[in-house]
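An overview of the molecular structure
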Amino acid sequence: MKSTTENVYELFINTCKNHSGRSAIFIKDKTYSYSEFLSIIGGIKRQIQKSKRQSKMIGIYTNESVNTYAAMWSIMSLGNAYVPINKKFPLERAAVMIEDAGLNILLYSEESAEIEKLKERLGAKIDFIKMETITNGSLDYSFADIKGDDYIYLLFTSGSTGKPKGVPIRHKNVIVLIDGHLYDPKYNVTKEDRYLQMFELTFDVSVLSYVFPLMVGACFYVVPQDGIMYMDVLQILLDQKITIAYMVPSVINYLQPYFSQIELPELKCSIFAGEALYAKPVVEWQKCTPNGFIGNAYGPTEATVIVTEYIWDNAISQEETYNGMVPIGHMLGASKSLIADEKGKEVKQGEKGELYLYGPQVTTHYWNDEEKTKKSFVQIEHKGVAHHAYKTGDLCFINHRGNIMYCGRIDHQVQVNGYRVELGEIEFHTKKYLANDKNLAAFPIINAVGSTTIYIAIEGFDNKNNSALLDYLRTNLPSYMIPAKIISVDTLPLTISGKTDRQKLATSYQS
Amino acid sequence: MEEIITRLTPILHRVFENNTIVVTPELAARDVENWTSMTNVIFIAEVENEFKIKFHFRDVMGLKNIGDLIKIIQKKIS
């Protein structure tokens, strides 16, 4: 099945027309039907239209509210792109993103100390609009003349030089994702499906959870963000009889002690994304979800959420793991890949190389960053044809079954609870705090449940200053980037070539 | 209850690396810095080890504060 338009909002409006009485979103113990949701969208749209500011990008200060979700569609309906700003981000990080995105308008749901600080920091540059849930009973089906090339959202990812990178995605990129994944017959998605939405909205995998169901008349159920995540996810899976769940692997890593107690007969698809998926918990999770299949999906934000998938098969998948990791599988839909050596030459099957992605899901550039764009978006030649490609930095190979196997990173980027973390960004801010030439290195550690956490080793650091350093980092970095441990070392270990040996650090402190 | 609080206190101090935490029945996850999914897993495992009990996931899911935890511990050890 293929979409008949390159306008995601048009698909949403068609769903609203066909399924107006059905449930669209469940959030904070309340269900909203498609018509109620559309009514709220219309109210926020009218509020935005009253603003004297004009901006292609409109910010949303996200929190757990129906207004936040409605606002994304309100912005889309006007032909603008939404930029989610996480309320848990430190002030400076939020301000840098808002300024980098060129926002003139920021929507928010409730007054808070953080909003007051943002207003003080950004001043009159930004029109801060407090969203009111104004519904006048009428349903506004209208929308701007949206083309496939128009931007739909701008999300920021970690940047190794200390500044987050803005990734702009267009409507046509998302349409290709919908055609290649949502409409895949093996998922058999219908209006009766109940989707889990566990992701924070600045994490692009959330798009699968809150856009996909609204394309077919299904409903998504929002997991509370402020509790103990893995337990809240399980509660929603059970209480709401979820049928389709996109999750980060950390969820089942944390649920391992309870696998023998969990039964989820309604769950027909568990799709994991955002970080490496290990086979051991998958085998056990399959027993908890006897009527469903388990998938592993891969994709950087730059390639519109996911571009590969692998479906677990108890009979054969165990042989296909690499270092215990599940394959990332084959390319989805129209997306293509090339695994190449340092010279850009395609490697043979079984040989490791860097994964390049090309095709209609790959974005064209980083927002306002020509230098990083030139580094990561390159021209490649594959099968005699030139392509604009994204250089992922992921080390992969193709196995004997034609599945792509993920081996790790070429550089210093890790995934923590699904979030992309450039170790360089943590090091940048730590160096700023220290304001001296102390050598330091952030490195990943696999914790007791198999998820990744970050440690940082600093030469000659006095651990009495741990709290002060952590407090400083918290003013610049989101919580998932704060090191779990600060280690003082005499000297950092070095490789033969004289570079910091992060591998040795990780091995030394892995327990 | 006091005895259980006395035994829980060093666990909380150790897991959350904070000796200033005052353990009361009203204490909740949101009151403690660094109470995340990971530290929750470690904390629950240490409590199980300390009291020689095993929690069902519904026990853990329903916990709103230390007071709830104390009630479940009392039930399991009685």
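Residues numbered from 1 in each chain as written. Chains lettered and ligands numbered in written order. Predicted model: local features only at pLDDT ≥ 70, side-chain atom pairs only at ≥ 80, totals over all residues.

Another aspect to go through is the overall build of chain A. Regarding its fold elements, chain A presents 14 helices and 25 strands. In terms of C-alpha radius of gyration, chain A reaches 23 Å, essentially the compact-globule figure of 24 Å for 511 residues. Taken along its principal axes, the extent of the C-alpha atoms in chain A is 70 × 55 × 55 Å. Buried positions account for 47% of the 511 residues belonging to chain A. Intrachain contacts of chain A at a sequence separation of at least 6 include 67% that bridge at least 24 residues. (Helix = DSSP H or I, 4+ residues; strand = E, 2+ residues; numbered from the N terminus. Rg over C-alpha atoms; globule rule 2.2 N^0.38 Å. Buried ≥ 20, exposed ≤ 12 C-beta atoms within 10 Å, placed from the backbone. Contact = placed C-beta atoms within 7 Å.)

This part is about the domain arrangement of chain A. Domain boundaries assigned for chain A yield domain 1 (335–409) and domain 2 (414–509). Here the C-alpha centroids of domain 1 of chain A and domain 2 of chain A sit 28 Å apart. (Domains from an automatic or database assignment.)

Moving on: the interface of chain A and chain B. With 16 residues of chain A in contact, the opposing surface of chain B contributes 11 residues. Per-element accounting of the side of chain A that touches chain B gives the leading share, five residues, to helix 8 (residues 229–239) of chain A. Residues of the side of chain A that touches chain B, tallied by class, amount to 10 nonpolar, five polar and one charged. (Nonpolar A, V, L, I, M, F, W, Y, C, P; charged D, E, K, R; others polar.)

Residues and elements named next belong to chain A. Within the largest apolar cluster, 156 residues are counted, with the highest numbers of intra-cluster contacts made by Tyr 82, Val 83, Leu 154, Leu 196 and Val 233. By residue number, the principal contributor to this core is helix 3 (residues 66–77), which donates eight residues. For this core, the two domains that each supply at least three residues are domain 1 (335–409) and domain 2 (414–509). When sequence neighbours within four positions are dropped, the list of residues in contact with Leu 196 reads Ser 209, Tyr 221, Val 223, Val 233, Ile 236, Leu 237, Ile 242, Ala 245, Tyr 246 and Met 247. (Core = buried A, V, L, I, M, F, W, Y, C linked by C-beta atoms within 7 Å.)

Another point: the sheet that holds strand 2 (residues 30–33) of chain A. Residues and elements named next belong to chain A. Read from one edge of the open sheet, nine strands run 2-1-10-9-11-12-13-14-15, paired in mixed fashion. The open sheet has two edge strands with one neighbour each: strand 2 and strand 15 (330–331). Helix-sheet contacts for helix 8 involve strand 9 (194–197), strand 10 (219–222) and strand 11 (244–247), and the interaxial angle to strand 9 is about 170°. (Pairing = 2+ DSSP bridges. Axes fitted to C-alpha atoms, helices over the stretch in contact; angles between N-to-C directions.)

All right, on to the packing of helix 2 (residues 34–49) of chain A against helix 3 of chain A then. Residues and elements named next belong to chain A. Helix 3 packs onto helix 2 with a crossing angle of 65° between their chain directions and a minimal axis gap of 8 Å. In this structure, helix 2 crosses over helix 3, and the sense of that crossing is right-handed. Contacts between helix 2 and helix 3 involve Phe 37, Ile 40, Ile 41, Ile 44, Lys 45 and Ile 48 from the former and Val 66, Asn 67, Ala 70, Ala 71, Trp 73, Ser 74 and Ser 77 from the latter. A class-by-class count of the residues in the contact of helix 2 with helix 3 yields nine nonpolar, three polar and one charged. (Left-handed = near helix turned anticlockwise from the far one by under 90°.)

Glancing now at the environment of Val 305 of chain A. Residue and element names in this part refer to chain A. With respect to the helices and strands, Val 305 occurs in the loop between strand 13 (293–298) and strand 14 (308–311). When the C-alpha positions of Val 305 and Ile 169 are compared, they lie 9.8 Å apart, and in sequence the two are 136 residues distant. Sequence-distant contacts of Val 305, that is, excluding residues within four places in its chain, are made with Leu 177, Asp 204, Val 205, Val 207, Leu 208 and Gly 299.

Our next topic: the pairing of strand 10 of chain A. All names here are of chain A. Alternating positions in strand 10 separate into two faces, Cys 219 and Tyr 221 on one and Phe 220 and Val 222 on the other, with burial throughout. Where strand 1 (residues 23–27) lies against strand 10, two bridges are found, and the strand directions are parallel. When the sheet's bridge partners are listed, Ile 25 is paired in strand 10 with Phe 220. Note: strand 9 against strand 10, four bridges, orientation parallel. Pairing of Arg 194 across the sheet is with Cys 219, part of strand 10.

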